[in-house]
Amino acid sequence: MSIVSFIEQSQGCRSCQVLQNQERLNKFVVIEVWDSVSAHQASVKVIPPEKIAVIMPLLASPPGGAYYAA
């Protein structure tokens with residue numbers, strides 16, 4: 001099961017999309033839509049650490065994030 005599957009199955013997740021930069025293949029953008037900030041924060045706890053460990057070497061830098069409103 002991919003990390004995206006864990007995210008999508010989390011309570012309060014409306015959608016999750018992973019986009020890869022076509023010029024720098026180790027750059028990604030993850031766009032997640034949540035019912036609330038608290039639902040997103042709770043979801044992080046359900047992703048197994050070993051799944052995150054597989055992804056980290058593929059990234060150009062540690063992941064970061066921000067919250068936006070429509």
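Residues numbered from 1 in each chain as written. Predicted model: local features only at pLDDT ≥ 70, side-chain atom pairs only at ≥ 80, totals over all residues. Heavy atoms only, no water.

Peer 1: Explanation requested: the layout of surface pockets in the structure shown.
Peer 2: Once rolled over the atoms, a probe with the size of a water molecule shows which space is left empty. Size it by volume and the largest pocket reaches roughly 1,400 Å³. Lining of the largest pocket is provided by 39 residues; of these, Val30, Ile31, Glu32, Pro63 and Gly64 occupy positions nearest its centre. At the level of secondary structure, the elements contributing two or more residues to the lining of the largest pocket comprise helix H1 (3-9), strand S1 (13-20), strand S2 (28-34), helix H2 (37-43) and helix H3 (49-55). Looking at the lining of the largest pocket element by element, the count peaks at seven residues for S2. Class assignment of the residues belonging to the lining of the largest pocket gives a composition of 26 nonpolar, 10 polar and three charged. (1 Å grid on protein atoms, 1.4 Å probe; cavity = no way out; pocket = protein on both sides within 12 Å on 5 of 7 lines; lining within 4 Å. Points joined across faces, edges and corners; volume = space filled by probe spheres on them. Helix = DSSP H or I, 4+ residues; strand = E, 2+ residues; numbered from the N terminus. Nonpolar A, V, L, I, M, F, W, Y, C, P; charged D, E, K, R; others polar.)

Peer 1: Even after reading the chapter, I still don't get the environment of leucine 19, so can you show me in this structure?
Peer 2: Tracing the backbone shows leucine 19 in strand S1. Residues leucine 19 and serine 61 lie 42 residues apart in sequence; the distance between their C-alpha atoms is 16 Å. Excluding residues within four positions of it along the chain, leucine 19 makes contact with Lys27, Phe28, Val29 and Ile31. (Contact = heavy atoms within 4.5 Å.)

Peer 1: Would you take a moment to explain the nonpolar core for this structure?
Peer 2: What tends to happen in soluble globular proteins is that the nonpolar side chains get buried as a cluster. Ranked by size, the top nonpolar core spans eight residues in total: Ile3, Phe6, Ile7, Cys13, Cys16, Trp34, Ala39 and Ile47. Looking at this core, the elements that each hand over two or more residues are H1 and S1. It is H1 that contributes the most residues to this core, three residues altogether. In this structure cysteine 16 touches Val4, Ile7, Glu8, Val30, Ile31 and Glu32, once residues within four positions along its chain are discounted. (Core = buried A, V, L, I, M, F, W, Y, C linked by side-chain atoms within 4.5 Å. Buried < 20%, exposed > 50% of the residue type's maximum accessible area, 1.4 Å probe, protein only.)

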